[in-house]
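# Structural description and commentary
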Amino acid sequence: MGAGFTGMWAGIYLKQKYPSKKILIVERGVTPAGASARNAGFACFGSPTEILSDIEIMGKERALQLLSMRFEGLRTIQKIFANGPVDFTVCKGYELLNDERALEQLPLLNTWLRELTGSPSTFCTLDEQLPAFGFANVAHLVENRFEGSLHPGKLLNALHQLCVKMGIRFLFSTEVRDIEEQASCLKLVTVDGPNLVTDRLAHCTNAFSNRLLPKMDLVPARAQVLLTEPVPGLKFRGTFHYQEGYYYFRNLGDRVLLGGARNTSLQTEYTLDSFTTLPIQQALEAFLCNVILPGQQPVITHRWAGIMAMGKEKMPIVEQCTNRSFCALRMSGMGVALAPAVGRKLAEMME
């Protein structure tokens, strides 16, 4: 269930594991309605302040395990789609900082990440480049040369084509209303029919899982994004983060794609409503005009929102739910990077 990134990666790994099995991916919408189709196209595994926050909440071991899953997921995308159909570009990632404490932790972070990235300096300070980028109200710039961007729509399309090529079938516009587990099978009762019968089921519906899996530790969280018109002489290239990743932006050609500001109104953003709101959009525009493009007010041409799944911590939930059902949920806003590793883990678990 779920034709987003996680569902399709899980289907691919299950087909590799069980080539003779029939695999069907069921999707309630005409296209995936979650974060897979509505994200900002970041191919990133974590900025310094986000990683430090995760270590404080989750502990070092689990936080680094999560980083490893993200990093390996991005490498998998690069390897499988190396000929360019998803516009994967290692354009470097950056974090904008005004806090000296995070800079003091960079040597320790680099030591911990050396085994993962193979570099003694995954993060390095580049304050001297700040004037060239044209940012304002920023004291420090930290670079990560392993991060980049991609086109999420093209990634969805490429995964779909790969699934079809492998013999995986899809059923769109099919919403599952109830699941009845029987001794010999699972029955999926759909809203409009037909009902489906399966030997095994994988829930890959992320933020939309609460109705069928009400006991899971996940909360839907809305992420809002805007896109500007082309900005003449745009000075920066790459993916950028600010305030533990609560703000994120990148260039899309000469346009600025900016998302986040959820931390300015957290409670209102715990929702399944995928529309934009004035307070968050105003916060994004203020950041755009005060930090990214100081003194400029470019026209906003597009605005949209996607629904993520958050919880008490950021480690994805990959587990067996019943005798015949499993789940892979709670990507915590990092589904692009996590889905390959999570899909593989789910396939390994399913017997």
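Preceding this paragraph is the structure being described.
Residues numbered from 1 in each chain as written. Predicted model: local features only at pLDDT ≥ 70, side-chain atom pairs only at ≥ 80, totals over all residues. Heavy atoms only, no water.

### Considering the overall build of the protein
A count of helical and extended segments in the protein gives eight helices and 18 strands. In terms of overall dimensions, the protein is globule-like: its C-alpha atoms have a radius of gyration of 20 Å, near the 20 Å expected for 351 residues. For the protein, the spread of C-alpha atoms along the principal axes amounts to about 65 × 45 × 40 Å. The burial tally for the protein puts 54% of its 351 residues in the buried class. If you take every contact in the protein between residues at least 6 apart in sequence, the share linking residues at least 24 apart comes to 72%. Total accessible area on the protein stands at roughly 15900 Å², and carbon and sulfur atoms take up 50% of it. (Helix = DSSP H or I, 4+ residues; strand = E, 2+ residues; numbered from the N terminus. Rg over C-alpha atoms; globule rule 2.2 N^0.38 Å. Buried < 20%, exposed > 50% of the residue type's maximum accessible area, 1.4 Å probe, protein only. Contact = heavy atoms within 4.5 Å. Areas by Shrake-Rupley, 256 points an atom, 1.4 Å probe, with all protein chains shown as cover.)

### A few points about the packing of helix 3 (residues 60-80) against helix 8 (residues 335-349)
Running from amino to carboxyl end, helix 3 crosses helix 8 at an angle of 95 degrees, the nearest separation of the two axes being 7 Å. On the basis of the axis angle, helix 3 is roughly perpendicular to helix 8. In this structure, helix 3 contributes Leu66, Met69, Arg70, Gly73, Leu74, Thr76 and Ile77 to the contact, and helix 8 contributes Val336, Ala337, Leu338, Pro340, Ala341, Val342 and Arg344. Across the contact of helix 3 with helix 8, the residue classes break down as 10 nonpolar, two polar and two charged. (Axes fitted to C-alpha atoms, helices over the stretch in contact; angles between N-to-C directions. Parallel < 35°, antiparallel > 145°, perpendicular 65-115°, else oblique. Nonpolar A, V, L, I, M, F, W, Y, C, P; charged D, E, K, R; others polar.)

### Observations concerning unusual backbone geometry
At the junction of glycine 193 and proline 194, the peptide bond is cis and its omega measures out at 0 degrees in the coordinates. Structurally, proline 194 can be placed in the loop between strand 9 (186-190) and strand 10 (196-198). Even without glycine at this site, asparagine 137 takes up a positive phi of about 60 degrees. With respect to the helices and strands, asparagine 137 occurs in the loop between helix 5 (130-133) and strand 5 (140-144). With a relative accessible area of 57%, asparagine 137 lands in the exposed category.

### Quick look at the sheet that holds strand 11 (residues 201-203)
The three strands lie next to each other as 11-18-17, forming an open sheet whose pairing is mixed. The open sheet terminates on both sides in strands that have one partner only, identified here as strand 11 and strand 17 (317-320). Across the sheet, the mean angle separating the axes of adjacent strands is 15 degrees when strand polarity is ignored. Sheet analysis places strand 11 next to strand 18 (residues 325-329), joined by three bridges and oriented parallel. Within strand 18, the position partnered with alanine 202 by the bridge is phenylalanine 326. Set on the sheet, helix 8 makes contact with strand 11, strand 17 and strand 18; between it and strand 17 the angle comes to about 10 degrees. (Pairing = 2+ DSSP bridges.)

### Regarding the pairing of strand 12 (residues 219-228)
The side chains of a regular strand alternate, first on one face of the sheet and then on the other. Along strand 12, nine of the 10 residues are buried, which leaves the element largely enclosed by surrounding structure. Summarising the sheet, strand 12 and strand 16 (residues 300-310) pair through 10 bridges and their orientation is antiparallel. Directly across from threonine 228, in strand 16, lies its bridge partner isoleucine 300. Looking at chain direction, strand 12 and strand 15 (residues 255-260) are connected through three bridges and run antiparallel. The partner of leucine 226 across the bridge, within strand 15, is leucine 258.

### Considering the pattern of salt bridges
If you walk through the whole model with that rule in mind, you get 17 salt bridges. The residue glutamate 50 makes a salt bridge to lysine 314 at a minimum N-O spacing of 2.9 Å. Residue glutamate 50 is located in helix 2 (residues 48-58), and its partner lysine 314 is located in the loop between strand 16 and strand 17; the two are separated by 264 residues in the primary sequence. For lysine 314, a relative accessible area of 17% translates into the label buried. (Salt bridge = Lys/Arg side-chain N within 4 Å of Asp/Glu carboxyl O.)

### Some points on the environment of valine 30
Here valine 30 shows up in the loop between strand 1 (24-26) and strand 2 (42-43). Along the primary structure valine 30 and phenylalanine 172 are separated by 142 residues, whereas in three dimensions their C-alpha atoms are 5.5 Å apart. Dropping the residues within four chain positions of it, valine 30 is found in contact with Phe172 and Ser173.

### Description of the sheet that holds strand 12
The strand order across the open sheet formed by eight strands is 4-5-3-13-14-15-12-16, and the pairing between neighbours is mixed. Whereas interior strands pair on both sides, the edge strands pair on one side only; in this sheet they are strand 4 (123-125) and strand 16. Taken pair by pair, the neighbouring strands of this sheet meet at an average axis angle of 25 degrees, ignoring direction. With six bridges joining them, strand 14 (residues 247-252) and strand 15 adopt antiparallel strand pairing. Bridge pairing in strand 15 links tyrosine 247 to glycine 260. Of the strands in this sheet, strand 3 (93-97), strand 4 and strand 5 touch helix 2, which is tilted by about 80 degrees from strand 3.

### A short note on the packing of aromatic side chains
For the structure shown, the criterion picks out 20 aromatic pairs. For arginine 222, the ring lying beneath its charged end belongs to phenylalanine 275, and the centroid distance is 5.2 Å. (Phe/Tyr/Trp six-rings, centres within 6.5 Å; stacked < 30°, edge-to-face > 60°. Lys NZ or Arg CZ within 6 Å of the ring centre and 35° of its normal.)

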